[in-house]
Amino acid sequence: MNHLNPSRVILSMTVAATAILTALPALATSGSGFAPAPIVTGHYGSLDVKADKVEKWDLFLKTKADSDVGADRLTVQPGGYSGWHSHPAPVFVTVTEGEIQWYDGGNPLCTWQTYHAGQSFIEQAFRIHQIRNATGNVAEFIGIRISPAGVGFRIDENKPTNCQ
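Quick summary incoming for the structure in this document.

**Some remarks on the packing of aromatic side chains**
Scanning all chains against the criterion turns up 3 aromatic pairs. For the ring pair Tyr103 and Trp112, a centre distance of 6.1 Å and an interplane angle of 35° mean the geometry is tilted. On the accessibility criterion, Trp112 (46% relative accessible area) is partly exposed. Ring pairs connect the aromatic residues Trp102, Tyr115 and Phe121, which therefore count as one cluster. The positively charged end of Arg132 is found above the aromatic ring belonging to Tyr81, 4.8 Å away from the centroid. Above the ring of Tyr103, the side-chain terminus of Arg132 is found at 5.9 Å from the ring centroid.

**Let's talk about the environment of Asp156**
For Asp156, the position within the fold is in strand β12 (residues 155-156). Within the structure, Asp156 has its side chain in polar contact with the side chain of Arg154 (distance 2.6 Å).

**Quick look at the pairing of strand β7 (residues 99-104)**
Across the 6 residues that make up β7, a large majority, 5, are buried. Of the strand pairs in this sheet, β7 and strand β8 (residues 112-116) are connected by 5 bridges, and their pairing is antiparallel. Residue pairing across strands places Glu99 opposite His116, the latter belonging to β8. The pairing of β7 with strand β10 (residues 129-132) spans 4 bridges and is antiparallel. Opposite Gln101, over in β10, you have Arg132 as the bridge partner.

What counts and what doesn't
- Residues numbered from 1 in each chain as written.
- Predicted model: local features only at pLDDT ≥ 70, side-chain atom pairs only at ≥ 80, totals over all residues.
- Heavy atoms only, no water.
- Phe/Tyr/Trp six-rings, centres within 6.5 Å; stacked < 30°, edge-to-face > 60°.
- Buried < 20%, exposed > 50% of the residue type's maximum accessible area, 1.4 Å probe, protein only.
- Lys NZ or Arg CZ within 6 Å of the ring centre and 35° of its normal.
- Helix = DSSP H or I, 4+ residues; strand = E, 2+ residues; numbered from the N terminus.
- Polar contact = N/O pair within 3.5 Å; in protein donor to acceptor, adjacent residues only side chain to side chain.
- Pairing = 2+ DSSP bridges.

Here you go:
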């Protein structure tokens, strides 16, 4: 009967685990002082929405497959940040309290833009970014998303090499 030496088994497992972990890419950055809170997500079939023209304004919204439409409230504590991430579809953002800095990791210069309460902007699909609160007050914003059904809202990303 073949008996295994317990210390050799542990050593082999440790070496194998170390080899696997060092071969993996760097882990995505995590946030701090950042709290997303889903408000609602509605599931729809494929969308084909048109609105009657109002002066120069028109609306055409069409998807080729089932879609989820959701709203999330996101709170960022003073000095807090979201961690680097992207989304599988555009997110319509409105700052409701305080101010946030939106860092664009897809820009070669890794620029940032400050948004104050009452301001809105769109996060483009698959654009690596991070939100920060550089103030001493709590910041809050609402994100409205239209995305492929069943697909998660956030894709954790590694810190872009162009960002300090």
